[in-house]
Amino acid sequence: MHVKNEGEKYVCSICGNEVLVTKAGGGELVCCNEPMGLSE
C-alpha cells in the first residue's frame, strides 16, 4: 500500500512494528519483507 497522507498509521502484520507518517512521499512501507498495512 502506498503512503498517501500525513498522519496515517501503518502496522506490520508479522512483527507488529508501527509507523506514523509525518511526511507523505508516495512510497511503499515494507517490514519483514512484506508491505505494511494501514491501521484503523
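As shown above, the structure is provided for reference.
Residues numbered from 1 in each chain as written. Predicted model: local features only at pLDDT ≥ 70, side-chain atom pairs only at ≥ 80, totals over all residues. Heavy atoms only, no water.

(A) Focus on the nonpolar core. Core analysis: the largest hydrophobic core is formed by six residues, namely V3, Y10, C12, V21, C31 and M36. Among all residues touching C31, those that are not within four sequence positions of it are C12, C15, N17 and M36. (Core = buried A, V, L, I, M, F, W, Y, C linked by side-chain atoms within 4.5 Å. Buried < 20%, exposed > 50% of the residue type's maximum accessible area, 1.4 Å probe, protein only. Contact = heavy atoms within 4.5 Å.)

(B) How the structure looks around the sheet that holds strand β1 (residues 9-11). Pairing is antiparallel across the open sheet formed by three strands, whose spatial order is β2-β1-β5. A strand with exactly one partner marks an edge of an open sheet, and here the two such strands are β2 (18-20) and β5 (37-38). In this structure, β1 lies alongside β2, joined through three bridges in antiparallel fashion. Bridge pairing in β2 places Y10 opposite V19. (Pairing = 2+ DSSP bridges. Helix = DSSP H or I, 4+ residues; strand = E, 2+ residues; numbered from the N terminus.)

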